[in-house]
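Tertiary structure, described
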Amino acid sequence: MGLVGTHQERVELGQGRRKDTFYLRPVGYRDQFGALKPLTCSLVGTGDPALPLGSDELITVRLRDRLTGQSPFLHFGRGSSFVRMTPLSTNNVIGTVSGSSITFPNAWNGADLRMTVAGHRVEEEIILKDGHPTLFEFRIDEGPGLDLDTLSGQIEPADRDNGLLPWRILAPVIVPPLGLAANPLSLAWDRIIGGGKTVLRISVPPNHAGWTVDPTIIQPDAADGLDTELRSSAPTTNYGTATNVFLGEKSGAIITSRV
């Protein structure tokens, strides 16, 4: 997860003392009362029986804690810009929560599903195993003003005036496991419309056990595009979800964008 922008808050404590608080966004965020809080992204109980897990920080995330049939699974967004999605053709699986992630083992025969909340994004990882499927589908249950070309939603003028931009779904990639000398492969969404719903389909090449398919959803802001890192040694790879921060060069690879 990259670091974008800063927040500062000063509190006068009296008798010549004061407290200064600094956060690099999205490490920090302002809550509903305007107070600066550290960003945890932790999945906690929401009290909603349909979507019992969630996080309310830079974005609002709601997740179902189990895969059952085609029940609504994910709500993601902020203000008037949000999307609700459901993976299709999954097994009935109960998820395991660890911090900001929930993992569904064998969500499909030969593939696990992991959802991770990270600042203004949700990373949806499909971990491929032996005999994995070559097609994965996600139904968009709701997405105000869905643009099928950009896979983004619409937003009310008041929210846009506050620096919020519409959610969007990034183009999927398939990433090799650590230690394998191979480059990520770019994939593409197929859009299928029927019954008043849009289904997004990813076609995955066979025999890629150990690789991870990553269709990330993000809620950009006015600084969208800064939350990334590009290396001269891997110019087609986006390291925007990494937790490391570097300046200058790393292992001889020039980092061209990371704040």
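Residues numbered from 1 in each chain as written. Predicted model: local features only at pLDDT ≥ 70, side-chain atom pairs only at ≥ 80, totals over all residues. Heavy atoms only, no water.

Below, the discussion takes up the sheet that holds strand S5 (residues 44–45). Strand order in the open sheet formed by eight strands is S5-S6-S7-S9-S10-S16-S21-S20, with antiparallel pairing between adjacent strands. Strand pairing shows two members of the sheet lacking a second neighbour, S5 and strand S20 (189–194), which therefore form its edges. Pairing between strand S10 (residues 81–87) and strand S16 (residues 135–142): four bridges, direction antiparallel. Paired with Thr86 across the bridge in S16 is Arg139. (Pairing = 2+ DSSP bridges. Helix = DSSP H or I, 4+ residues; strand = E, 2+ residues; numbered from the N terminus.)

Our focus in this paragraph is the pairing of strand S21 (residues 197–203). Across six bridges, the pairing between S16 and S21 is antiparallel. Counterpart to Arg139 in the pairing with S21 is Val199. Hairpin connection, S20 to S21: the antiparallel pair is bridged by two residues, and Gly195 has positive phi, about 65°.

What follows covers the environment of Leu88. With respect to the element layout, Leu88 can be found in the loop between S10 and strand S11 (93–94). The residues contacting Leu88, other than those within four sequence positions of it, are Gln70, Trp108, Glu137, Arg139 and Val199. (Contact = heavy atoms within 4.5 Å.)

By the secondary structure assignment, Ser152 is in the loop between S16 and helix H1 (157–161). Within the structure, Ser152 has its side chain in polar contact with the side chain of Thr150 (distance 2.6 Å). Setting aside residues up to four positions removed in sequence, Ser152 forms contacts with Gly145, Leu146, Asp147, Trp167 and Arg168. (Polar contact = N/O pair within 3.5 Å; in protein donor to acceptor, adjacent residues only side chain to side chain.)

This next bit is on empty space enclosed by the protein. Throughout the structure, instances matching the rule amount to one cavity of 30 Å³ or more. Taken as a whole, the largest cavity encloses approximately 40 Å³ of empty space. What lines the largest cavity is Arg64, Arg66, Leu67, Thr68, Gly69, Gln70, Ser71, Phe73, Thr86, Pro87 and Thr90. Those elements that place two or more of their residues in the lining of the largest cavity are strand S8 (66–67) and S10. Residues of the lining of the largest cavity, tallied by class, amount to three nonpolar, six polar and two charged. (1 Å grid on protein atoms, 1.4 Å probe; cavity = no way out; pocket = protein on both sides within 12 Å on 5 of 7 lines; lining within 4 Å. Points joined across faces, edges and corners; volume = space filled by probe spheres on them. Nonpolar A, V, L, I, M, F, W, Y, C, P; charged D, E, K, R; others polar.)

Quick look at the pattern of salt bridges now. Taken as a whole, this structure holds seven salt bridges when the rule is applied. Between Asp56 and Arg62 there is a salt bridge whose closest N-O contact spans 2.9 Å. Here Arg201 makes a salt bridge to Glu137, at a shortest N to O gap of 2.5 Å. Here the residue Arg201 occupies a position in strand S21, and Glu137 occupies one in strand S16, the gap between them amounting to 64 residues. (Salt bridge = Lys/Arg side-chain N within 4 Å of Asp/Glu carboxyl O.)

Turning to the packing of aromatic side chains, a few remarks are in order. Within this structure, the stated rule accounts for four aromatic pairs. Ring geometry for Trp108 versus Phe136: centroids 4.9 Å apart, planes at 80°, classification edge-to-face. Of this pair, Trp108 sits in strand S13 (residues 101–108) while Phe136 sits in strand S16; the two residues are 28 residues apart in sequence, bridging distant segments of the chain. Given the relative accessible area of 1%, Phe136 is considered buried. For the ring pair Trp108 and Phe138, a centre distance of 6.3 Å and an interplane angle of 75° mean the geometry is edge-to-face. Taken as a pair, Trp108 in strand S13 and Phe138 in strand S16 lie far apart in primary sequence, 30 residues in all. Exposure remark for Trp108: the relative accessible area of 4% places this residue in the buried category. Of the aromatic side chains, those joined through ring pairs into one cluster are Trp108, Phe136, Phe138 and Trp189. (Phe/Tyr/Trp six-rings, centres within 6.5 Å; stacked < 30°, edge-to-face > 60°. Buried < 20%, exposed > 50% of the residue type's maximum accessible area, 1.4 Å probe, protein only.)

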